[in-house]
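An overview of the molecular structure
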Amino acid sequence: MTKDDCKKLVIDIISDIAPDEDLNGIKPEIKLRDQLQLDSMDFLDIVMELRKRHGIEVPEADYTHLASLDSCAEYLTPKFAAKA
C-alpha cells in the first residue's frame, strides 16, 4: 500500500464518521482537527475503524502520528507493509 493509498483510506474513514464534512480541500500537511470539525470521539472512531476494517492497531501513545494526512501516511504505510 502506498502513502497515497493510506491517505485515501483515512479520508474514506473520515467520510463515514463525519459525512457532513467537505473533504475535497484537505491539506495533507495540516492537522486534521485544525481543518475539520472532528472531536476526540471522532478521532477515536478513526482509530477503531483502522482496527476493524484493516486490522491495524494504533496504541494510544502513537495517536499523535495520526494528526495530519501526511503523518497518517508516514505512520500507516509501514504497518500495512508489515501485514502483507
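Here we summarise the structure given alongside this text. What you see is a predicted model, and the numbers here were worked out from it, not measured in a lab. (Residues numbered from 1 in each chain as written. Predicted model: local features only at pLDDT ≥ 70, side-chain atom pairs only at ≥ 80, totals over all residues. Heavy atoms only, no water.)

1. As for helix 3 (residues 40-54)
Counted only if it meets this: Only DSSP runs of H or I covering at least 4 residues are called helices, and only runs of E covering at least 2 are called strands; the numbering of each starts at the N terminus. The span one expects for a helix is its residue count, reduced by one, times 1.5 Å. For this analysis, a polar contact is any N or O atom pair within 3.5 Å, provided that within protein one partner can donate a hydrogen and the other can accept it, and provided that sequence-adjacent residues contribute only side-chain to side-chain pairs.
Taking 1.5 Å of rise per residue, the 15 residues of helix 3 would be expected to cover 21 Å, and the 21 Å separating its terminal C-alpha atoms lies within 8% of that figure. The opening residue of helix 3, the one whose side-chain oxygen lies 3.0 Å from the backbone nitrogen of M41, is D39.

2. Structural notes on the side chain of T77
Here is the rule: The criterion used for residue contact is that any of the two residues' heavy atoms lie within 4.5 Å.
Among the structural elements, T77 can be located in helix 4 (residues 69-83). From its side chain, T77 meets the backbone oxygen of A73 in a polar contact 2.6 Å long. Non-local contacts of T77, meaning those with residues more than four positions away in its chain, are made with M1, T2, K3, C6 and C72.

3. A short note on the packing of aromatic side chains
Where we set the bar: Pairs were defined over the aromatic rings of Phe, Tyr and Trp, the Trp ring being its six-membered one, requiring ring centres within 6.5 Å. Orientation was assigned from the angle between planes: stacked under 30 degrees, edge-to-face over 60, tilted for the rest.
Evaluated as defined, the whole model comprises one aromatic pair. Seen from their ring centres, F43 and Y63 are 5.5 Å apart, and the 70° between their planes marks the pair as edge-to-face. Of this pair, F43 sits in helix 3 while Y63 sits in the loop between helix 3 and helix 4; the two residues are 20 residues apart in sequence, bridging distant segments of the chain.

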